[in-house]
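Here are the chains, one letter per residue:
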Amino acid sequence: MTQPHAVTDLISERLVPFPTPHFLSAGDLNPPAALALLDVADVFVDLNRLAASEGGKTLDLLSGRTVVNIFFENSTRTSSSFEIAAKRLGADVVTMPVQASSVAKGETLIDTAVTLNAMKPDILVVRHGASGAAALLSQKVGCAVVNAGDGRHEHPTQALLDLLSLRRAFGDVGGLTVAICGDITHSRVARSNVALLSMMGARVRLIGPPTLVPGDADRWGCEVFHDMREGLEGCDVVMMLRLQLERMEGALVPSTREYFRFWGLDREKLAWAKSGAKVMHPGPMNRGVEIDSDVADDLSVSLIQDQVEMGVAARMAVLASLWARSGAAR
Amino acid sequence: MTAIAIINARLLDPASDYDGQGGILIADGRIVEVVRGGDVRVPAGVEVVDARGLCLSPGLIDIRVKTGEPGFEPKETLKSASLSAAAGGVTTIVIQPDTDPAVDDPAMVDFIQRRGAALNLVNVYAAGAATQRREGQRMAEIGLMHEAGALYFTDGDRVIASSRTLQRVMSYAAAFNALIACRPADPWLSEGGVATSGELAMRLGLSGVPAIAERIQLDRDLALVEQTGARFLVDQISTADALDSLARARGKGLEVAASVSINHLCFNEIDIGDYRTFYRLDPPLRPESDRQALIEAVRDGLIDVITSAHAPLPAEDKRRPFAEAAPGAIGLETLLAAALSLHHEDGVPLLDILRPMTAGPAALLGLDSGVLEPGAPADVVLFDPDAPVMVDAATLKSKSKNSPFDGRRLQGKVIGTWVGGRKVH
C-alpha cells in the first residue's frame, strides 16, 4: 500500500530521536520525550485503523532493518504486539524461539547476546524472567535494546501504552489520580507506571494487602493504602494488576476468594472511585480473582481493549524513535 | 636454611600493639630476633632486605577461602589459590569444606592439607563440615577431623536450619573444644533473596532479604551457644542489628568471635545498582549505615577476623542476569590492599586493620603465627601502604576473575611475602 503523503509528513514532523540508546526503563524518558512519543503514536493509531480496513503493511520507515524479538519468557500478547508494530513499520522481524534454542542447553545470556550481535540486528526486543537482563544485553550488543519486561523490574512500553490510553481517554494525565491495585511487589508494570505517571504529573496510589505492597513503597512518591474503599476514593483511574496465582494460596494471601473479597475489582468497589472512573488491566486477566468480568467487559468504563490497541501504536513509536536516534548517529 | 634480615622497616605487630621502626632476623623458618626502635645486627652471610619506607607485618591469615579442588578445579585449584594468597600477602589459608566431595571426614581434611603442603607455597589448612555432606541433618566426624587437623567446623554458606541439629553439633564439639562457625541467615526469610530488602532492591526489581534475617538467626545461634558452652564464630556478620546482638552476647561473657568479609567493609548496596554480578554476594551488600557500623566494630575490636571470603566463580556462573548469577567474589590477592583502603579512606589505624587478619584469627584458631615474635613462624609480609594499585582482574592469579575490585584504584602494594622464612612472592 502506498503511504499517504500527509501521514508520512505528519510522522516526520512529530518523530524525534529517542532520548537514550536503549529503552530499558521508564526513567529513560523525560516529559518532552514521552509527549513526543505519544504524539507520534497518535498518528500510528490512526494509521493502524486505516490498515485494518485496507490491509497490508503501512509504512517503510524501517524498511531493510531487522528487529529481533527474543522472549525468554512466554508472552504471546507482548511478543505479537511488538511483531505487528515492527512489521507495520516495514521491518524484517525475527522472533527467536528461545525454548528450542541453545539457551535451553545452558548457553549464558551473554553468549546469546554475542550470537545475536553477530547477526547484526538493528533493534533487539527482549523479555526475560530476571531483573536487569535487558540492561545486561544492552551492554553486550551493538544495537538498540527494548526492554519488553525484565523480571520484577520494569516493563516500560506497557507504561507508555497505558499513558497513551489515558491521554486519549482523558486528554491529559497531569492531575489525574491513578490507583494501581494488587500485587505491587512482584509487578514490573507497577514499577514502570509509577515512574512514568508520576513523571507526567499524575498522582499515584498503591493499593493491596501488606504482603503484596513493598514496605517502603511510600518512598516511591506514592500514597499507600491497604483498604480499597479508602484507596479508591477520588480516583480517576483504577489500574488492576495480574496476580500470579501460584503465589496465592496460603503464601501471600490466604485464598483467591478472600483476595477477591477484599481487593478484587467489582462494581461495588468501582463505585468507591470517582464517578466516570476508568479501569485498566495489563492482561492477561484472572477473571474473578483480581477483576470481575462485569467490570472488565464494560466498554463504558474499561480501557482494557484500548490498551491492547494502543500497545501496537506505542511500540511503533518506540521502534521508530529508537531507529531515528541510531540512524541519526550513523 | 638461609638466614634473612629485614631491616629499616616499619614494624606493625598488632599482637603487641607495636607500630614503629625496627627489623627482624629469620633463620630456619622462624623469627629468631625482633628489634624494636633500632635494627637487628646482621651476622655475616645473612641475606639482607632493606625495607626502608615499607611496612613489615605478620603474614595475613585468611580463614574463609573456597577452592574448586577437589571437584570444581576449573574454578580454582589449591595451587592457584595458594599463588593468589602469596601475591596478596596471605601466608595461611583455611579452605572451606564445600568441595565435591565435601570435607566431612578425616581423609578429606588430610587430602587438603597434604596437597596444600606439597605445593610449598602458603600454609593450607582445612575447615571441616559440621554436618555430613553439609546437609544440616547428621553430625559429621568432628572429633576425627579435629584430630586430623581441621581448624574449625562449618557448613559454609549453608545454614543449619534445624535448631536440634545445631544444638547437638555445638554440644558435641564442646567435648573437643572445637570451634563451630555458622552463617547467621534465617533460611526462610532469606529464601530466594539476592539483595538486601529496601528501596534499592525494590527499585531494581530484585528479591530482597530482610536484614532482620541475620539477627534472628544469630539470636538463635547465640542462645544455643549459651546453653551448650560451645566455642563459636559468627561467620560473616554484615548488619548493625546483628552487631548489637553480638555485643550483648559478649557482655554476658559468651565466648563468641565474629568475622566480616572485606567486601562488606568496602562496598555497600549502591554498588549493585547497575546489576553488576561481581557484587552479587551472600550475604548481600548492605546499606552504608551497616558498612559504617562494621568498620566501627573492626576499629573497636568487636570483630575478631576479617576474611577475603574468597569465592572463585567461572565466567559462566557470573555472566548471567543478577538474580541468576552465583553469589561470591574472589579476594585473596586484593585483601590487603582493600583492607588498607579502610585506613586511607576511613581513618582506621593500621594496627586495628591488621589485627583481625593476623593476631585475631591466629588466637581464634590456636595458630602460633600472626605475630612478630622470636619463635614464631617466619610468615611475614612486606608492603608499601601508600603505593597505588590499579586492580585488573585479568592479571590476578586466581583461575576465576570475579573480582568486585576490578578496575578500582587501591592504595597498598605487597612487596614480598615469606612463608616459613621462604620467599613465596
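Residues numbered from 1 in each chain as written. Chains lettered and ligands numbered in written order. Predicted model: local features only at pLDDT ≥ 70, side-chain atom pairs only at ≥ 80, totals over all residues. Heavy atoms only, no water.

## Observations regarding the overall build of chain A
In step 1: From N to C terminus, chain A includes 12 helices and nine strands.
In step 2: Relative to its length of 330 residues, chain A is compact, with a C-alpha radius of gyration of 20 Å against a globular reference of 20 Å.
In step 3: Dimensions of chain A along its principal axes, counting C-alpha atoms only, are 55 × 50 × 35 Å.
In step 4: Going through the 330 residues of chain A one by one, you find that 57% of them count as buried.
In step 5: Counting contacts in chain A only where the partners sit at least 6 residues apart, residues at least 24 apart contribute 75% of the total.
In step 6: Just so you have it, chain A exposes about 13000 Å², and 50% of that area is on carbon and sulfur atoms.
In step 7: Taking the average location of the 32 positive side-chain charges in chain A and that of its 38 negative ones, the two points are 3 Å from each other. (Helix = DSSP H or I, 4+ residues; strand = E, 2+ residues; numbered from the N terminus. Rg over C-alpha atoms; globule rule 2.2 N^0.38 Å. Buried < 20%, exposed > 50% of the residue type's maximum accessible area, 1.4 Å probe, protein only. Contact = heavy atoms within 4.5 Å. Areas by Shrake-Rupley, 256 points an atom, 1.4 Å probe, with all protein chains shown as cover. Lys, Arg positive; Asp, Glu negative; His and termini not counted. Charge placed at Lys NZ, Arg CZ, Asp CG, Glu CD.)

## A short note on the sheet that holds strand β6 (residues 60–65) of chain B
Residues and elements named next belong to chain B.
In step 1: Judged by pairing direction, the sheet is parallel, and its three strands sit side by side in the order β6-β7-β8 without closing on themselves. Edge positions in the sheet fall to β6 and β8 (123–126), since each of these pairs with one other strand and no more. Within the sheet, the average angular offset between the axes of one strand and its neighbour, ignoring direction, is 20°.
In step 2: In this sheet, strand β7 (residues 90–95) lies alongside β6 in parallel orientation, the contact comprising four bridges. (Pairing = 2+ DSSP bridges. Axes fitted to C-alpha atoms, helices over the stretch in contact; angles between N-to-C directions.)

## Observations concerning the environment of Cys222(A)
Residues and elements named next belong to chain A.
In step 1: Turning to its location among the elements, Cys 222 is positioned in the loop between β6 (203–207) and β7 (223–225).
In step 2: Since its relative accessible area comes to 7%, Cys 222 is described here as buried.
In step 3: Distance in space between the C-alpha atoms of Cys 222 and Leu 206 is 6.7 Å, their sequence separation being 16 residues.
In step 4: Apart from residues lying up to four places away in sequence, Cys 222 is in contact with Val 194, Val 204, Leu 206 and Ala 217.

## A word on the confidence of the model for chain B
Where the model shows low pLDDT, its predicted coordinates should not be examined in detail.
In step 1: Model confidence for chain B is summarised by a mean pLDDT of 96, while 100% of its residues fall at 70 or above.
In step 2: Our summary of model confidence lists the complex with pTM equal to 0.86 and ipTM equal to 0.72. (pLDDT = per-residue confidence, 0-100.)

## Brief notes about the pattern of salt bridges
In step 1: All chains considered together, the criterion is met by 39 salt bridges over all chains.
In step 2: For Glu73(A), the salt bridge is made with Arg188(A), and the minimal N-O distance between the two is 3.0 Å. Here Arg188(A) lies in helix α7 (residues 188–199) and Glu73(A) lies in the loop between β1 (66–71) and α3 (76–88), a separation of 115 residues in the sequence.
In step 3: Residues Arg115(B) and Glu69(B) are paired through a salt bridge, measuring 2.3 Å at the closest nitrogen-oxygen approach. One end of the pair, Arg115(B), is in helix α2 (residues 106–119); the other, Glu69(B), is in the loop between β6 and α1 (78–87), and 46 residues separate them in sequence.
In step 4: Judged by its relative accessible area of 5%, Glu69(B) is buried.
In step 5: Each of Arg64(B), Lys66(B), Asp98(B), Asp157(B), Arg183(B), Asp235(B) and Asp282(B) takes part in salt bridges that share partners, so that together they form one network. (Salt bridge = Lys/Arg side-chain N within 4 Å of Asp/Glu carboxyl O.)

## Some details on the sheet that holds β1(A)
Residues and elements named next belong to chain A.
In step 1: Ordered in space as β2-β1-β3-β4, the four strands form an open sheet in which the pairing is parallel. Lying at the two open borders of the sheet, with one neighbouring strand each, are β2 (92–96) and β4 (144–150). The sheet shows a mean angle of 15° between the axes of neighbouring strands, direction not considered.
In step 2: Strand direction decides the pairing type here: β1 and β2, joined by five bridges, are parallel. Bridged to Asn 69 within β2 is Thr 95.

## Brief notes about the side chain of Ser321(A)
Residue and element names in this part refer to chain A.
In step 1: Mapped onto the elements of the fold, Ser 321 is located in helix α12 (residues 304–329).
In step 2: Taking relative accessible area as the criterion, Ser 321 reaches 2% and is therefore assigned buried.
In step 3: When residues no more than four places from it in sequence are discounted, the contact partners of Ser 321 are Leu 15, Val 16, Pro 17, Phe 18 and Leu 37.

## Examining the interface of chain B and chain A
Reports often express the size of an interface as the amount of accessible area lost when the parts come together.
In step 1: Each partner contributes residues to the interface: chain B has 16 residues there, and chain A has 21 residues.
In step 2: Here chain B meets chain A over a buried area of about 1500 Å², counting both sides, of which 56% is carbon and sulfur.
In step 3: When the buried surface of chain B facing chain A is broken down by residue, Glu199(B), Met202(B) and Arg319(B) rank first, second and third, together holding 42% of it.
In step 4: Residue Arg219(A) is joined to Glu199(B) by a salt bridge in which the shortest nitrogen-to-oxygen separation is 2.9 Å.
In step 5: Applying the counting rule to chain B against chain A returns seven residue pairs in polar contact (both at pLDDT 80 or more).
In step 6: Per element, the largest residue contribution to the side of chain B that touches chain A is four residues, and it comes from helix α6 (residues 199–204) of chain B.
In step 7: Of the residues in the side of chain B that touches chain A, the class split is six nonpolar, three polar and seven charged. (Buried area = accessible area lost by both parts, 1.4 Å probe. Polar contact = N/O pair within 3.5 Å; in protein donor to acceptor, adjacent residues only side chain to side chain. Nonpolar A, V, L, I, M, F, W, Y, C, P; charged D, E, K, R; others polar.)

## Looking at the nonpolar core
In step 1: With 116 residues, the main nonpolar core has Leu124(A), Ile93(B), Ile237(B), Leu265(B), Ile272(B), Leu336(B) and Met357(B) as its most contacted residues.
In step 2: Beyond its immediate sequence surroundings of up to four residues, Leu124(A) is in contact with Val68(A), Ile70(A), Leu116(A), Val141(A), Cys143(A), Ala144(A), Val145(A) and Val146(A).
In step 3: Listed in part, the 73 residues of the second largest apolar core include Leu37(A), Val40(A), Leu47(A) and Val67(A). (Core = buried A, V, L, I, M, F, W, Y, C linked by side-chain atoms within 4.5 Å.)

## Things to note about the packing of aromatic side chains
In step 1: One pass over the structure, following the stated rule, counts six aromatic pairs over all chains.
In step 2: Ring geometry for Phe262(A) versus Trp263(A): centroids 5.8 Å apart, planes at 55°, classification tilted.
In step 3: In this structure, Lys75(B) is placed above the aromatic ring of Phe72(B), and the distance from its NZ or CZ to the ring centre is 4.6 Å.
In step 4: We note Lys423(B) situated over the ring of Trp418(B); from NZ or CZ to the ring centre the distance is 5.5 Å. (Phe/Tyr/Trp six-rings, centres within 6.5 Å; stacked < 30°, edge-to-face > 60°. Lys NZ or Arg CZ within 6 Å of the ring centre and 35° of its normal.)

## Observations concerning the pairing of β8(B)
Residues and elements named next belong to chain B.
In step 1: On β8, burial follows the alternation: Val 124 and Ala 126 on one face are buried, whereas Asn 123 and Tyr 125 on the facing-out side are not.
In step 2: As paired elements, β7 and β8 share four bridges and run parallel to each other. Note that in β8 the partner of Val 94 across the bridge is Tyr 125.

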